[in-house]
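Structure assessment
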Amino acid sequence: MSGFLGSSSGVPPKGTHHRDPGLWAWIFLSPLILWLLLFVIAPTAMLTLVSFAERDSLGRILWNFSLQNYARAFDWVWLKILLDSLFYAFLTTVICLALGYPAAYFIGRAPERWRGFLLMLVMVPFWTSFLIRTYAWISILSKEGLLNSLLISAGIFSEPVSLLYSPFAIVLGLVYNFLPFMILPIYTSVEKLDNAMVEAAYDLGAGPLRAFSQVIIPLTRPGIAAGAMLVFVPSIAMFAITTLMGGGTNPTIGEVIFKQFTAGRNQPFGAALGTILLFVFILALWLARSQRERED
Amino acid sequence: MALGVWTAGVFVFLYLPIALLVVFSFNSSRLNIQWEGFSLQWYAALFSNKVLLAAFQNSLIVASTTTVLSTVLGTLGAWMLYRYRFPFQRALGLLIFVPMVMPEVLMGVSLLVLFVQVLNIPLGFTTLIIAHTTFCFPFVLVGVQARLQGLDPSLEEAAMDLGATPFQAFWKVILPFLMPAIVAGALMSFTLSLDEYIVSVFTSGSQSQTLPLKVYGMAKVGLNPQLNALSAIFIAATFAFALCGHFLGRKKNL
Amino acid sequence: MKKTMRLLFTLTALALGSSASAAATKNLNIYCWSEYIPQPIIDQFAKETGVKVTVENYASNEEMLSKLAAGGGEYDIIQPSEYVVEALVKEKVLHPINHSKIPNLKNIEPQFLNMAFDPGNKFSVPFMAGTVGIIVNTDLVKDEIKGFSDVFKPANKGKIVVLDDAREIVSWALLSNGLNVNQVTEKNLNKIKPVLEQWLPLVKVYDSDSPKTALLNGDVSLGVVWGGEGAILLNKNKKFRWVIPSEGTHLFIDSLAIPKTAKNVDNAEAFMNFILRPEISKQISEEFPYLNPNLAARELMTKKQLENPASFPSDEEMKKMQIFKDIGTRGSDVEELITTLKAQ
C-alpha cells in the first residue's frame, strides 16, 4: 500500500528543476494557503479542541478539559470498525483499478475528438441522485429483481439467491460509485503518452503484454497513484452505500462518527474518533512519502 | 479490440442502473420498486413541481460555481507546488488530503460552527459553495499533480527562451498541457458537489436548498418518481448537448 | 465545455438575482422533515395568507438539533418528535405558543394533548402520531408472530428487517425484559445486552427510511417497522400482516414548535392553526398513513384508511403504548452498545 500512497506526492521527482519562490509565486500560492488555513486547518483545529471537551444533554459543547473521549476511543471495537472500513476501501480501490485501467487506456488512446465525449460518458451516470441510483441497484440485486430473474431463466440458479445486503453488494456499490474517480486520473496520464514511445515498446518485439507491463504501466504510474488516492481515501468514511446496499450490518467508521454526532448527541466523542482517524491517516501518508523519498 | 470490448463492458456496468432508472420514470407505481404500467404522469408532475425544480436549479448553481472555484484553486495550487519549493511544502501536500479523508459530518458541523460563530457569514449560497469547494478542490489538485509528474521541463524553458514571461509560459504552454487533467478535475468536482448531502445539511440556508436535501427524506414516503423523470431529462439533455458540441466541433476542425 | 460554463453562469446570475429580490415583508421559515408537510399544503397556506414561505429540510431529529444548537439558520417552525420537544422545553429554547391564535387545537383527540413532554401544550402542537410494530409476510412466515420474542428467533435468521435506530432497538429489548422503554440506565443496558447479543446477528437489514423496500422485494420476510411503513405495505398486498407486539411498544408524536429565535411568531402560529384544520390534516394522512391525532380530520377519512391497523391501533393496543422520554447524554451509550454488537 505504501507504494501508491507514496508516489502521488506533492514533491516533484528529482531531475525537474524547482526554484525558490519569489513574491509572485507567493501571491499565486496564497489562495491555496488561505483556503487551507481558513477552511481546512481552522475547522480541524476546532474539531481537535472539541474532542477534549464535554457536552450537555442537548449535545451542546461544554468547554471542560477532559480526556474521557480518548479513553473511550481506545477500544478494540473502534479499531475493528476502522480496519473493516480500510479493508472495504482497499478492495474497492483494487477492483476499480482492475476495471478502470483498461477503460481509461482505451479512452486515452481513442481518436482525439472522441476523448472528451467518452470521458463525459463516464461521469454522466453520476449526475443523477445518489438515492435514485442506489435504489435502481437495489431493484437489480433484490431477490425478486432483474439479476435473479435473468440468472434463473438462464438456468444458472434454480431459485433466487440473496445478492443484496451482503459484502458483495457493498463492494459493488462502492466500486460503482468510485469507478470514475479511478478512470479520470488514469486517463490524463494515458492521454499524454507519446505515440512513438508506445509504438517503440510494441516494436521491441516484447509482445503487447510485456510492453504494457514494462513500459506503459510505469509511464502512467502517476495517474494510477492519483486514481488510487481519489478512490481509497474518500471511500474510507463513506457509509451511505454500506447501509443502503449492505443492510447496515457492518458499521463503518464514517457511520459510527455520524451516529455519535447526531443520534448520540456526542460531538466530543465523535470528534475524538475523527481526530484519531485523521492523525492515523496523515501519519501513514507522511511515513509512506518519507519512505519513497529515501528510495528515490 | 479486447480493450474496446472491456470498455464497452464498463459502460454497460455504469449505465445499467441508469437504464432502469429511466424505465422507472415511466412507471405508473409510486414506489420505485416494481413495474406496474406505463405512464407519463411523473413528467407532467415534475414540470409543475416548482420546489423540486428550484432545488435542482440551486444544485446546478452550487455545483457549477464550486467547479470553477475548485478548478482554479486546484490547478493553481498544483502548479505552484510543483514549480517552486516553498517552506512547509510537504505539510501543504499532506493537508490537501484532510478534506478528503474527513468524515462529512465532521466537516459539515465544524464548518457550520466556523461560519456562524466565528466568521459571521449567514448560511446560504456562499457558505454552501465554500464548503463544497473545500472538499472538491483536492480532487482537482491531485489529478493535476499526476499530470505534472514527468512534465518535460524544457517545455517551459523553451517558451521562456522565446521571450515569454513565466505567466505567459504558464498560460500558453503549461495550461494547454494540463487541460485534460483540468477537465477531468472539473468533471469530478461538479459530480461531487451535485450529489453532496451531509455537508450540505449543515452549511445550507433556507434559500439554498439543493436537490439532495429535498431527496434524502423522501425514501420514507417512497422516492418520488419525479426524480427519475428529472434525472432522465438531465441525462438526455447532457447527451444532446455533448453530441451537438461534438459534431459542431468536428465541423470546425474540417 | 466553454458553452456549458457560459450557460451555467447565466443560470447562476438568474438565480442569485431572484433570491436577492425575494425578501418580502411577511415571511415564514419552516424547518421540517423533507416531504412530511406536502407541498400543496404549503402552497395553499401561502396563497391564503400572502405569507412567503421558505422550507428547509432535514432527515432526522438530530440533524435538526445539531444545526439548531450551533445557531445555524433562523427558523419560525420546527418539527421535533416528542422526546426532542421535551429536551427543547427543558433547555428553554422554545417560544410559548398563544392558544387563542390556535383555536383548531380543539380538533385534537384529548389523549394526544397535555402529555408529559409538554404539559398544557405550552410549546408544541401535535402534527402526526404513530407507533412501531411487527410486519409479517405471511407467504414466507407460517409461524404465528405475537411479539418481539417470536420475531427474534434463530429460525428467522437472515429474514428480518429492523429500524436502523439504536434507541428503538434498545427499547424493544427493554420491553422484552419487562422494563419501561425509558429505563435506559447503565445497569439495564448491561441487563439487556445478552438479549441483544442474540437478536442482532439474526437481522439482515437495518433501515429506518424505507424498511418496506426489503419487505416488498422479498429479501426479508418480517420486520419491526414504523406504523406508516406497515400501513403502506398492508395497502399494497394482502400477504402482509400487522402485529402490535405483545410486550408493548411505543407511541411517537411528531409535533410543531416555534424556536425562541423565531422572527415571525404570528405567522408560525397561523401555520399551526392551518395545519390543524380537518381538511388539511386529512391531506397529510393521505400522504402519510400514520396515526392522525386530529379527530375532526378522521371524520373526513375513508373507512379503509381508518381500519388500517398499522395506522390506527385499537384502544386496547393504545393502552400498551409508552412514550419516549429524552435520555440526554445516555444516547451516546445506546449508540455505542448497538454499534459494538453489530461489529461483532
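Just so we're clear, the structure is a prediction, and the values are computed from it rather than from any experiment. (Residues numbered from 1 in each chain as written. Chains lettered and ligands numbered in written order. Predicted model: local features only at pLDDT ≥ 70, side-chain atom pairs only at ≥ 80, totals over all residues.)

1. Considering the environment of Glu36 of chain B
All names here are of chain B. As a reminder, the rule being used: Strands are runs of DSSP state E lasting at least two residues, helices are runs of H or I lasting at least four, and both sets are numbered from the N terminus onward. Here a residue counts as buried when 20 or more other C-beta atoms fall within 10 Å of its C-beta, as exposed when 12 or fewer do, and as partly exposed in between; the C-beta atoms come from the backbone. Residues are defined as contacting one another if the C-beta atoms placed from their backbone atoms lie within 7 Å.
By the element assignment, Glu36 lies in the loop between helix H1 (2-24) and helix H2 (41-48). When the 11 C-beta atoms within 10 Å are taken as the criterion, Glu36 is described as exposed. Taking the C-alpha atoms as reference, Glu36 lies 48 Å from Val72; in sequence the two are 36 residues apart. Discounting chain neighbours no more than four positions away, the residues touching Glu36 are Asn27, Ser28 and Ser29.

2. Looking at the interface of chain A and chain B
We count it as follows: Throughout, the ten residues Ala, Val, Leu, Ile, Met, Phe, Trp, Tyr, Cys and Pro are labelled nonpolar, Asp, Glu, Lys and Arg are labelled charged, and all others, Gly among them, are labelled polar.
At the junction of the two partners, chain A supplies 88 residues and chain B supplies 83 residues. Of all the elements, helix H2 (residues 23-50) of chain A adds the most residues to the side of chain A that touches chain B, at 14 residues. When grouped by side-chain class, the residues that make up the side of chain A that touches chain B number 64 nonpolar, 17 polar and seven charged.

3. Let's talk about the packing of H2 of chain A against helix H13 (residues 267-295) of chain A
All names here are of chain A. We count it as follows: Here, axes are lines fitted to C-alpha atoms. For helices the fit covers the stretch in contact, and angles between N-to-C directions go from 0 to 180 degrees. When an angle is under 35 degrees it counts as roughly parallel; over 145 it counts as roughly antiparallel; between 65 and 115 it counts as roughly perpendicular; any other value is oblique. We call a crossing left-handed when the near helix sits turned anticlockwise from the far one by less than a right angle, and right-handed when that turn is clockwise.
The interhelical angle for the contact between H2 and H13, taken along N-to-C directions, is 125°, at an axis separation of 8 Å. As far as their axial angle goes, H13 and H2 are oblique. In terms of crossing hand, the pair formed by H2 and H13 is left-handed. On the side of H2, the interface is formed by Thr44, Leu47, Thr48 and Val50, while H13 contributes Gln267, Pro268, Ala271, Gly274, Thr275 and Leu278. Split by residue class, the contact of H2 with H13 holds five nonpolar, five polar and no charged.

4. Things to note about helix H6 (residues 166-176) of chain C
All names here are of chain C. Among the 11 residues of H6, 11 are classified as buried, and the element is accordingly described as predominantly covered. Taken as a whole, H6 has its buried residues at Ala166, Arg167, Glu168, Ile169, Val170, Ser171, Trp172, Ala173, Leu174, Leu175 and Ser176. One or two positions beyond H6, positive phi appears at Gly178, with a value near 75°.

5. A word on unusual backbone geometry
In this structure, Arg265 of chain A takes a positive phi of about 50° despite not being glycine. With a phi close to 55°, Asn114 of chain C is a non-glycine residue in the positive phi region. Assignment of secondary structure puts Asn114 of chain C in the loop between helix H4 (82-90) and strand S4 (124-137).

6. Section: the interface of chain B and chain C
Contact with chain B, which involves 31 residues of that partner, is made by 32 residues of chain C. For the side of chain B that touches chain C, the elements supplying multiple residues, two or more each, are helix H3 (50-83), helix H6 (104-119), helix H10 (198-203), helix H11 (211-215) and helix H12 (225-253) of chain B. Broken down by element, the residue count for the side of chain B that touches chain C peaks at seven residues, all from H3 of chain B. Taken together, the residues of the side of chain B that touches chain C sort by class into 18 nonpolar, 11 polar and two charged.

7. Some words on the packing of helix H4 (residues 76-109) of chain A against H1 of chain B
Two elements in contact, H4 of chain A and H1 of chain B, have axes whose closest approach is 9 Å; the angle formed by their N-to-C orientations is 115°. Crossing geometry of H4 of chain A relative to H1 of chain B is assigned as left-handed. Residues Leu99, Pro102, Ala103, Tyr105, Phe106 and Ile107 of chain A of H4 of chain A form the contact with H1 of chain B, whose own contacting residues are Leu3, Gly4, Trp6, Thr7 and Val10 of chain B. Residues belonging to the contact of H4 of chain A with H1 of chain B are distributed by class as follows: nine nonpolar, two polar and no charged.

8. Brief notes about the pairing of strand S9 (residues 249-257) of chain C
Residue and element names in this part refer to chain C. Quick reminder of the rule: Pairing between two strands is assigned when DSSP locates at least 2 bridges connecting them.
Most of S9 sits inside the fold, with nine of its nine residues counted as buried. Sheet analysis places S4 next to S9, joined by seven bridges and oriented antiparallel. Residue Thr131 lies in a different strand from S9, and its bridge partner there is Leu251. Bridge analysis of S9 against strand S10 (residues 321-323) gives three bridges, and the strand direction is parallel. Counterpart to Leu251 in the pairing with S10 is Ile323.

9. Considerations on H4 of chain A
For clarity, the threshold we go by: Multiplying 1.5 Å by the residue count of a helix minus one yields the expected span of that helix. Fitting axes to the seven residues that end at a residue and to the seven that start at it, the angle between those axes gives the bend at that residue.
Over its 34 residues, H4 of chain A runs 48 Å from end to end, which matches the ideal 50 Å to within 8%, given 1.5 Å per residue. The sharpest bend along H4 of chain A measures roughly 35° and falls at Gly100 of chain A, with the proline Pro102 of chain A sitting one to four residues further on.

10. What about the domain arrangement of chain C?
Residues and elements named next belong to chain C. Stated formally: For the domains described, the bounds stem from an automatic or database domain assignment.
By domain assignment, chain C separates into domain 1 (26-128 + 253-311) and domain 2 (130-251 + 318-343). A straight line from the C-alpha centre of domain 1 to that of domain 2 covers 27 Å. The interface is formed by 16 residues belonging to domain 1 together with 16 residues belonging to domain 2. Looking at the side of domain 1 that touches domain 2, the element that brings in the most residues is H4, giving four residues.

11. As for the environment of Val141 of chain C
All names here are of chain C. Among the secondary structure elements, Val141 is positioned in the loop between S4 and helix H5 (148-151). In sequence terms Val141 and Lys52 are 89 residues apart; their C-alpha atoms lie 51 Å from each other. Other than its neighbours up to four places away in sequence, Val141 contacts Val136, Ser221 and Leu222.

12. Some details on the pairing of strand S7 (residues 222-226) of chain C
Residue and element names in this part refer to chain C. By the criterion of burial, S7 is predominantly enclosed, with five of the five residues buried. Judged from the five bridges that link them, S4 and S7 form a sheet pairing that is antiparallel. Considered in S7, the bridge of Val132 is made with Trp226. As paired strands, strand S5 (residues 160-162) and S7 are joined by three bridges and run parallel to one another. Bridge pairing links Val161 to Gly223 in S7.

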